[in-house]
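Single-letter residue listing:
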Amino acid sequence: MNYFTRDSAKRPCLLIRRDTLKTPDGRETKFDIIEHGGSVIIVPIDKDGNLLFVRQYRHAAGMDLLELPAGTLEHGEDPAVCAAREIREETGFAADKIEKIGDFYLAPGYSTEFMHVFLAQELRHDPLEADADEFLSVEKLSYAEAIQMVERGGMPDAKSLAALLLAKSHLQTK
């Protein structure tokens, strides 16, 4: 069973499928899986060593969340190209140095979404127009401040938590 949603250009942007699998003891079970084309998350570092986060309303959570910039891959798009575009759209900065530092499945229990993590440095002001449905504000935090916020439960966004962990060895944590 497949369910599609379509964006305004009538392209499929989400597919939910139901798989039937046999368990090791011979029973059958069903899994509903969200098929997702993949995404990127960026850890932007400014010249002062601060990380750039975006705050935005997330309807599913019912609240504003502080997150690292992120976005969905276009069909067939190179993740580095997507990361370079998304950082400009969401923060207004371009990165002269962008490096892949890891990747992970966001929610493998029900989704195929695979996220590519990039460290973005040597930032310069070079904005792109934000997506029409995004209303973002940029906030700067040191890595230490971000970790303190995480430890207090103030950053309940899984992709940002995973990206911060992957970035740790690449950052100076004074």
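Residues numbered from 1 in each chain as written. Predicted model: local features only at pLDDT ≥ 70, side-chain atom pairs only at ≥ 80, totals over all residues. Heavy atoms only, no water.

## Points about the overall build of the chain
Part 1 of the reasoning: Secondary structure summary: the chain contains three helices and ten strands in total.
Part 2 of the reasoning: Overall, the C-alpha framework of the chain stretches about 55 × 40 × 30 Å when taken along its three principal axes.
Part 3 of the reasoning: Taken across its 174 residues, the chain has 36% of its residues classed as buried.
Part 4 of the reasoning: Long-range pairs, those at least 24 residues apart, make up 58% of the contacts in the chain between residues at least 6 apart in sequence.
Part 5 of the reasoning: Surface accessibility of the chain: about 10,500 Å² in total, with carbon and sulfur atoms responsible for 52%.
Part 6 of the reasoning: Of the side chains in the chain, 21 bear a positive and 30 a negative charge, and the two mean positions are spaced by 3 Å. (Helix = DSSP H or I, 4+ residues; strand = E, 2+ residues; numbered from the N terminus. Buried < 20%, exposed > 50% of the residue type's maximum accessible area, 1.4 Å probe, protein only. Contact = heavy atoms within 4.5 Å. Areas by Shrake-Rupley, 256 points an atom, 1.4 Å probe, with all protein chains shown as cover. Lys, Arg positive; Asp, Glu negative; His and termini not counted. Charge placed at Lys NZ, Arg CZ, Asp CG, Glu CD.)

## Description of the environment of Ser39
Part 1 of the reasoning: Of note, Ser39 is situated in strand β4 (residues 39–44).
Part 2 of the reasoning: Beyond its immediate stretch of four places on either side in the chain, Ser39 contacts Gly71, Thr72, Leu73, Glu113, Phe114, Met115 and His116.

## Quick look at the pairing of β4
Part 1 of the reasoning: The buried fraction of β4 amounts to six of the six residues, a majority that puts the element mostly inside the structure.
Part 2 of the reasoning: Of the two faces of β4, the one lined by Ser39, Ile41 and Val43 and the one lined by Val40, Ile42 and Pro44 are each fully buried.
Part 3 of the reasoning: Examined bridge by bridge, β4 and strand β7 (residues 70–72) share three bridges and lie antiparallel to one another. Its bridge partner lying in β7, Ser39 is registered against Thr72.
Part 4 of the reasoning: Here β4 pairs with strand β9 (residues 114–125) via six bridges, running parallel. Bridge pairing links Ser39 to Met115 in β9. (Pairing = 2+ DSSP bridges.)

## Topic: the confidence of the model for the chain
The predicted coordinates ought not to be read in detail in places where the model reports low pLDDT.
Part 1 of the reasoning: Model confidence for the chain is summarised by a mean pLDDT of 90, while 91% of its residues fall at 70 or above.
Part 2 of the reasoning: Contacts from residues 1–6, a stretch scored under 50 in pLDDT, to residues over four places away or in other chains number 19 contacts. (pLDDT = per-residue confidence, 0-100.)

## As for the pattern of salt bridges
A pair can form between side chains of opposite charge whenever their charged atoms are brought close.
Part 1 of the reasoning: One pass over the full model with this rule turns up 17 salt bridges.
Part 2 of the reasoning: The partner of Arg124 in a salt bridge is Asp96, and the shortest N-O contact between them spans 2.7 Å. Here Arg124, found in strand β9, pairs with Asp96, found in strand β8 (residues 93–105); they are 28 residues apart in sequence, far enough to count as distant.
Part 3 of the reasoning: Judged by relative accessible area, Arg124 falls into the partly exposed class, the value being 38%. (Salt bridge = Lys/Arg side-chain N within 4 Å of Asp/Glu carboxyl O.)

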